[in-house]
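Each chain, letter by letter, is given below.
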Amino acid sequence: MKQRKNLQWNSNTLEVLDYNIMVNQEYIDLFHLLIEHAENEVAEFKKAERNFDTDDLGKYFSALSNEANLRGVDFAWLVMGYHEPTRTVVGTSFKNSEEGINKLKHDIALNTTDKLTFREVVPISVEGKRVLMFKIPAAPRNIVVKWKGIPYGRDGESLVPLNQSKSDEIRYQSPIPDWSAGLAESATLEDLDELALATARIMFKKVHGSTIPANEVDDWSTEEFLCHSEMMREGKLTRAAILLLGKPLALQKIHPANAQITWVWKDKDGEVVDYEHFSIPYILTVDKIFNKIRNKTMRELPGGTLFPDTMKQYEDYSIREALHNCIAHQDYSLGGRITLVENEGFLFYSNKGTFIPKSIEKVLKEKGPQSEYRNTCLAHGMVHFNMIDTVGRGIPKMFKEQRRRFFPMPEYDIDEKERIVSVTIYGISSDDAYTDLLRSDSSLSIMECLWLDSVRRHKPITKEAAKHLRERNLIEGKSPRYNIALSVARKAQQVGHYTKETGLKKDAIVKLVLQLGINSGRNGFKRADVFEMLEQSLPANMTHTQKLNYISNMLRAMQSSGYLSKTDNGRSWLITDSGIQKLEA
């Protein structure tokens, strides 16, 4: 368990020093800290004993998120179940289920800027009563958070439209500081690896050969070369220079950054077979790691062909691109390491930091280069040394390569709470039906493949994505529980899976219940009997509670239709004469 850190209140601004509160007691401590002070720009209390309007909640989300940004804190808080005027814990039954809370998060995301929603909604018990703690993330730098197109703010305890002055203050915030551009004050040229420097010159000439003659680059002194490649300024080496070109011992010059990449090899059972830690200079390290990966040659394309061709298990470009992205976008100030785990059939990469573009969909939609980088100096150096490009094609090309090979799309997991970004690249199709799906319709775009894969894995997709897929008749169902359309399932030979996911049609279910009524005779049957019979026949993505509610509603509807009636004690159901006629029809 993590050591608990203190919570501090400073100038009417809440600063929660432990951003990863996991223990319920810590939320209770936070609650008591909050109620010691009156409402302000980053703390709001609501009585909300039974209900609260979602539209009003969205306005508070916008206001508290914007105010948290302006006051330099990571989160604001909204508390339900507490009556501030009387300083009384009243409790709340609002969204009294995990399903209700998850739906609320989804509903808020549908109408906020960049699909922001609550980081956490945590129920706690205070004085034996349920209190809800809403953890609201601060608005991202340069982005005003709006609710249904309107930005909100706070004027003391009051909810008001965000004034122009505050809006401008957020929009014109300075860019994220570039850690990699900072100077390694005590570092000298003696801290750089000679082979790394020689390799960097070769790569620089390859990248800039059309604009800078090779002999001119050869004539540059080491200092001139480093200045041209943006690795040195004001006569001093940057931290980026140490990462890309430094000797391992030079890491002490950029302490406490942890410039380490760990490669792990796991067998099919997930057991570690081998591992190795790699350090700087990264320009040389990436080749050493690349050579560690057992990129087997496959003797036939997925699905099989009459005359098998040969291909590598992983595309070389994708292996390098994912690793280079980890290096370029790692938040070195957090002290974490980069990991590459080689599993049976897939590679797993992870690095510390948040995902600057916010979503993979945004990256795939962008027509030009990314507008903002965490480590701009480091990224530019990697461009100069032919490690990455900044024309925005890296991640889209990885998706295209997987599509070309009929492999599942790369899977990105962006955990903002833990500040970890990870990606899984598949080398062997983990689902032959999905491979068939990709091959069955060559008209599917990369984005459509990504969305369909998310639907198939019961992962959320945007409202716009769902609308697009529905218009093309590629999905069925209602938000947020979509299913692959039957026409697609037939092409992909997934009809069995489709039937399991969507469940039996209503008429078939009604007849099963009527047959249960016949079999039960005069004793009748209970809802539990229906559940036992239908549990596997209802849509697979329904929760246990949803299935019970569905059955209750269906039984009442059949009663209204005259097919069922209640026993005298009201505890069981009986089939009526009309029900028997319906069954025999």
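Refer to the structure printed above.
Scoring rules and cut-offs
- Residues numbered from 1 in each chain as written.
- Predicted model: local features only at pLDDT ≥ 70, side-chain atom pairs only at ≥ 80, totals over all residues.
- Heavy atoms only, no water.
- Helix = DSSP H or I, 4+ residues; strand = E, 2+ residues; numbered from the N terminus.
- Buried < 20%, exposed > 50% of the residue type's maximum accessible area, 1.4 Å probe, protein only.
- Contact = heavy atoms within 4.5 Å.
- Areas by Shrake-Rupley, 256 points an atom, 1.4 Å probe, with all protein chains shown as cover.
- 1 Å grid on protein atoms, 1.4 Å probe; cavity = no way out; pocket = protein on both sides within 12 Å on 5 of 7 lines; lining within 4 Å.
- Points joined across faces, edges and corners; volume = space filled by probe spheres on them.
- Salt bridge = Lys/Arg side-chain N within 4 Å of Asp/Glu carboxyl O.
- Phe/Tyr/Trp six-rings, centres within 6.5 Å; stacked < 30°, edge-to-face > 60°.
- Lys NZ or Arg CZ within 6 Å of the ring centre and 35° of its normal.
- Axes fitted to C-alpha atoms, helices over the stretch in contact; angles between N-to-C directions.
- Parallel < 35°, antiparallel > 145°, perpendicular 65-115°, else oblique.
- Left-handed = near helix turned anticlockwise from the far one by under 90°.
- Nonpolar A, V, L, I, M, F, W, Y, C, P; charged D, E, K, R; others polar.
- Pairing = 2+ DSSP bridges.

Chemist: Could you give me a rundown of the overall build of the chain, with the residues and numbers involved?
Modeler: A tally of regular secondary structure across the chain gives 22 helices and 25 strands. Evaluated residue by residue, the chain yields a buried proportion of 50% over its 585 residues. Sequence separation of at least 24 residues holds for 64% of the intrachain contacts in the chain that already meet a minimum separation of 6. Roughly 29000 Å² of accessible area belongs to the chain as shown, and the carbon and sulfur atoms make up 49% of that amount.

Chemist: Lay out the environment of Leu452 with the relevant residues and their values.
Modeler: Summarising the element assignment, Leu452 is placed in helix α15 (residues 446-456). Given a relative accessible area of 1%, Leu452 falls into the buried group. When the C-alpha positions of Leu452 and Ala485 are compared, they lie 9.9 Å apart, and in sequence the two are 33 residues distant. Discounting residues that sit within four places of it in the chain, Leu452 has contacts with Leu444, Leu469, Leu474, Ile475 and Ile484.

Chemist: Mind laying out empty space enclosed by the protein, listing which residues take part and the relevant values?
Modeler: For the structure on display, the rule yields three cavities of 30 Å³ or more. Estimated volume of the second largest cavity: approximately 50 Å³.

Chemist: Explain the pattern of salt bridges to me, and be specific about the residues and the numbers.
Modeler: Across all of its chains, the model carries 19 salt bridges by this definition. With a closest N to O distance of 3.5 Å, Lys47 and Glu49 form a salt bridge. Among the ionic pairs, Asp287 bridges to Arg320, the shortest N-O distance being 2.8 Å. Note that Asp287 is positioned in helix α9 (residues 282-292) and Arg320 in helix α10 (residues 316-329), a separation of 33 residues in sequence. One salt-bridge network, held together by shared partners, links Glu41, Glu67, Arg71 and Lys166.

Chemist: Residue-level account of the packing of aromatic side chains, with values.
Modeler: Geometry of an aromatic ring pair is reported as the spacing of the ring centres plus the angle between the planes. Here the structure, examined in full by the defined rule, presents 12 aromatic pairs. Each ring, one from Phe31 and one from Tyr82, has its centre 5.7 Å from the other, and the planes form 85°; the classification is edge-to-face. Taken as a pair, Phe31 in helix α1 (residues 24-35) and Tyr82 in strand β5 (residues 82-83) lie far apart in primary sequence, 51 residues in all. When its relative accessible area of 0% is taken as the criterion, Phe31 is described as buried. Take Tyr82: its relative accessible area is 2%, and that puts it in the buried class. Judged by centre distance (6.5 Å) and plane angle (50°), the rings of Phe52 and Tyr60 are tilted. Of the two residues examined, Phe52 and Tyr60, each falls in the buried class. Here the aromatic cluster, defined as three or more aromatic residues joined through ring pairs, consists of Phe204, Trp220, Phe225 and Phe385. Note that Lys135 overlies the ring of Phe75, its terminal NZ or CZ placed 4.3 Å from the centroid. Above the plane of the ring of Phe290 lies Arg320, whose end atom (NZ or CZ) is 4.1 Å from the centre.

Chemist: Describe in detail the packing of helix α19 (residues 506-520) against helix α20 (residues 527-534), supporting the description with residues and values.
Modeler: As a packed pair, α19 and α20 sit with axes 11 Å apart at the nearest point and diverge in direction by 125°. Comparing their axes, α20 and α19 come out oblique. Crossing hand, α19 versus α20: right-handed. Touching Ile509, Leu512, Val513 and Leu516 of α19 are Asp529, Val530, Met533 and Leu534, all from α20. Its residues placed into classes, the contact of α19 with α20 shows seven nonpolar, no polar and one charged.

Chemist: Let's hear about unusual backbone geometry: which residues, and what values?
Modeler: In this chain, His255 is followed by Pro256 through a cis amide linkage whose omega measures 15°. Note on placement: Pro256 falls in the loop between α8 (239-245) and β14 (261-266). Cis geometry is adopted by the peptide bond preceding Pro281, which originates at Ile280 and carries an omega value of 5°. As for its position among the elements, Pro281 is in the loop between β15 (272-278) and α9. Although it is not a glycine, Lys95 adopts a positive phi angle of roughly 50°.

Chemist: Mind laying out the sheet that holds strand β18 (residues 338-343), listing which residues take part and the relevant values?
Modeler: Strand pairing in a sheet is mediated by backbone hydrogen bonds. Such pairs are either parallel or antiparallel. If you trace the six strands from one edge of the open sheet to the other, you get β15-β14-β18-β19-β21-β20, paired in mixed fashion. Edge positions in the sheet fall to β15 and β20 (411-415), since each of these pairs with one other strand and no more. Between one strand and the next, the sheet's axes are offset by a mean angle of 15°, whatever the strand orientation. Bridge count between β14 and β18: five bridges; the pairing is parallel. Within β18, the residue paired with Thr262 across the bridge is Thr339. Against the sheet, α9 engages β14, β15 and β18, with an angle of about 170° to β15. Of the strands in this sheet, β14, β18, β19 (346-352) and β21 (420-426) are in contact with α10, which crosses β19 at around 10°.

Chemist: Tell me about the pairing of β14, and name the residues and values.
Modeler: For a regular strand, side chains alternate in direction, first toward one face of the sheet and then toward the other. One ladder, built from six bridges, connects β14 with β15; its direction is antiparallel. From the neighbouring strand, Val264 faces β15, where its bridge partner is Tyr275. Counting the residues in the hairpin turn of β14 and β15 gives five residues, including Gly270, whose phi is positive at 80°.

Chemist: Give me the pairing of strand β10 (residues 150-155): which residues, what numbers.
Modeler: As paired strands, strand β9 (residues 146-147) and β10 are joined by two bridges and run antiparallel to one another. Residue pairing across strands places Lys146 opposite Pro151, the latter belonging to β10. Between β9 and β10, which pair antiparallel and follow one another directly, the connecting turn spans two residues, one of which, Lys148, has a positive phi of 50°. Of the strand pairs in this sheet, β10 and strand β11 (residues 158-161) are connected by four bridges, and their pairing is antiparallel. Opposite Gly153, over in β11, you have Val160 as the bridge partner. Where β10 folds back on β11, the antiparallel hairpin that results is connected by two residues, among which Gly156 adopts a positive phi of roughly 70°.

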